[in-house]
Amino acid sequence: MIPESVWRAVESLHGRSWPPRDPDAFIAAVTGESLLPLLFQEETIVADALPRHRALLRLYHARSAKLRTAARLICTILHDIPFIVMKGADYGDRLYGDPTLRPMLDVDILVPPDRMKDVDAILTRNGFEVTFAGGAVTRLASYNERSYVGHDVGVDVHHSFIQRVRHRIDYDAIWREREPYTLDGVEAWRLTPLHAFLYHALAMAKDEFTSPLIRYVDIYLMLQRWPSLPRDAEPLARKWQLVRALYGALRQTSRLFPDLDLEPVMSTLLPHSKREFFDRAILPDVYSVPPKRTRRHQLWVKFHLLDNVRRRAMFAGYHAWATIASRFLNERLPSSGASAAQG
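Below: a short report on this structure. Everything numeric here is computed off the predicted structure, so don't read it as measured data.

Structural notes on the side chain of D90
Thought 1: With respect to the secondary-structure elements, D90 resides in helix 5 (residues 88-94).
Thought 2: Residues in contact with D90, not counting those within four places in the same chain, are V85 and R190.

Notes on the pattern of salt bridges
Thought 1: By the definition in use, this model includes 21 salt bridges.
Thought 2: Measuring nitrogen to oxygen at the nearest pair gives 3.0 Å for the salt bridge that ties R52 to D24. Of this pair, R52 sits in the loop between helix 3 (36-39) and helix 4 (54-77) while D24 is found in helix 2 (residues 23-32), placing the two residues 28 residues apart along the sequence.
Thought 3: Relative accessible area serves as the criterion here: at 54%, R52 is assigned to the exposed category.

Observations concerning helix 6 (residues 116-125)
Thought 1: Within the span of helix 6, buried status applies to M116, V119, I122 and L123. Here the buried residues of helix 6 occupy an arc of 125 degrees about the axis, which is enough to place them on one side. With respect to the buried face of helix 6, the exposed residues turned more than 90 degrees away are K117 and R125.
Thought 2: The elements touched by buried residues of helix 6 are helix 4, strand 4 (145-150) and strand 5 (153-158).
Thought 3: Looking one or two residues past helix 6, G127 carries a phi angle of roughly 90 degrees, positive in sign.

Describing the environment of S147
Thought 1: Inspection of the secondary structure puts S147 in strand 4.
Thought 2: Expressed as a C-alpha distance, the spacing of S147 and G134, which sit 13 residues apart in the sequence, is 9.2 Å.
Thought 3: Non-local contacts of S147, meaning those with residues more than four positions away in its chain, are made with E129, V130, T131, V155 and D156.
Thought 4: There is a polar contact of 2.7 Å between the side chain of S147 and the side chain of D156.

Structural notes on the pairing of strand 5
Sheet faces and side chains relate simply in a regular strand, where the side chains alternate between the two faces.
Thought 1: Counting buried positions over the six residues of strand 5 gives six, a clear majority of the element.
Thought 2: Alternating positions in strand 5 separate into two faces, V153, V155 and V157 on one and G154, D156 and H158 on the other, with burial throughout.
Thought 3: Pairing geometry for strand 2 (residues 107-110) and strand 5, over four bridges, is parallel. Bridge pairing in strand 5 places L110 opposite H158.
Thought 4: As defined by bridge partners, strand 4 adjoins strand 5 across six bridges and the pair is classed as antiparallel. Considered in strand 5, the bridge of E145 is made with H158.
Thought 5: Counted along the chain from strand 4 to the antiparallel partner strand 5, the turn is two residues long, and its residue H151 has a positive phi close to 55 degrees.

Here's the deal with the environment of A49
Thought 1: Structurally, the position occupied by A49 is in the loop between helix 3 and helix 4.
Thought 2: A C-alpha to C-alpha distance of 9.5 Å links A49 and D22, two positions 27 residues apart in sequence.
Thought 3: Not counting residues up to four positions away in its chain, the partners in contact with A49 are P23, D24 and I27.

Description of the pairing of strand 2
Thought 1: Judged by which residues are buried, strand 2 turns out to be covered on both faces: V107 and I109 on one side and D108 and L110 on the other are all buried.
Thought 2: Bridge count for strand 1 (residues 84-86) against strand 2 is three bridges, and the pairing is antiparallel. The partner of I84 across the bridge, within strand 2, is L110.

Criteria and thresholds
Residues numbered from 1 in each chain as written. Predicted model: local features only at pLDDT ≥ 70, side-chain atom pairs only at ≥ 80, totals over all residues. Heavy atoms only, no water. Helix = DSSP H or I, 4+ residues; strand = E, 2+ residues; numbered from the N terminus. Contact = heavy atoms within 4.5 Å. Salt bridge = Lys/Arg side-chain N within 4 Å of Asp/Glu carboxyl O. Buried < 20%, exposed > 50% of the residue type's maximum accessible area, 1.4 Å probe, protein only. Arc of directions from axis to C-beta. Polar contact = N/O pair within 3.5 Å; in protein donor to acceptor, adjacent residues only side chain to side chain. Pairing = 2+ DSSP bridges.

Set out below in structure tokens:
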């Protein structure tokens with residue numbers, strides 16, 4: 001299922017040559033990239049060492065089962081509220097054909113902004129507790145998601161893909177075109193392939209393309225199933241003003257999977273000079289040990305991943321406001337922690 005280039009990248013990102021000389025170190029690195037279940041599907045790579053790590057694989061499977069149960073519960077209790085299942089909980093079925101092959105940290109759903117309070121009430125009645133691990137900024141109503149823990153899993157409830165000032169995403173179209181499907185016999189909804197593809201690119205850009213390699217495998221599988229996605233995504237990326245995010249996702253994917261013919265689409269997204277700048281100064285090398293990132297450099301990259309000056313100015317204004325507002329909010333909160341301020 002997975003090209004050898006992915007496994008080569010695992011070793012290269014840790015400063016080691018191919019093939020692996022230390023199988024256990026390689027398996028530890030694979031685990032860090034959320035690729036362990038896929039590695040067990042291989043028959044030739046470090047095959048002799050894999051049996052020593054079956055206990056870890058069983059932990060992955062147990063975790064997957066808990067998250068699957070939580071996803072099914074959420075789909076059940078939110079039956080009267082519009083929602084969309086996103087990311088790993090969707091990909092496990094649609095791309096991998098087996099949820100145990102696609103590890104995930106939590107369950108992600110999208111709900112309309114005006115239903116966030118209703119979702120909060122339903123989740124808390126059903127054993128979930130809101131958490132603000134990201135600090136006071138995550139308490140702001142404008143923040144694009146809210147996190148919960150319960151039933152030994154995490155749940156992220158999004159009302160937007162990302163802060164809305166960064167792009168011009170048509171959420172009305174997303175809700176209008178969402179696809180119905182069944183998750184373990186429970187009625188649910190998911191993004192269209194095109195919307196899922198653009199959201200995936202956007203989520204990777206949000207992390208400055210430092211995501212675990214499993215996220216690139218996600219894109220690879222999307223392109224295997226829907227080869228026309230890059231070309232189909234171009235006009236919508238321009239409309240949503242996330243051309244640079246799409247370019248970054250395609251460029252990084254082409255670096256990791258050189259057999260994919262993505263150059264024709266990439267050449268239409270940005271002028272040659274900007275592509276050279278992005279490739280050299282903005283996008284990390286998928287085969288090199290990443291340098292330590294400073295907050296200043298992160299913000300510099302984030303600004304360059306926005307499509308135009310207006311969006312950068314809006315993001316800068318929002319970032320400044322959110323920083324001040326969160327500090328003010330933090331000063332007013334009781335010192336006992338997040339749970340004291342759930343109301």
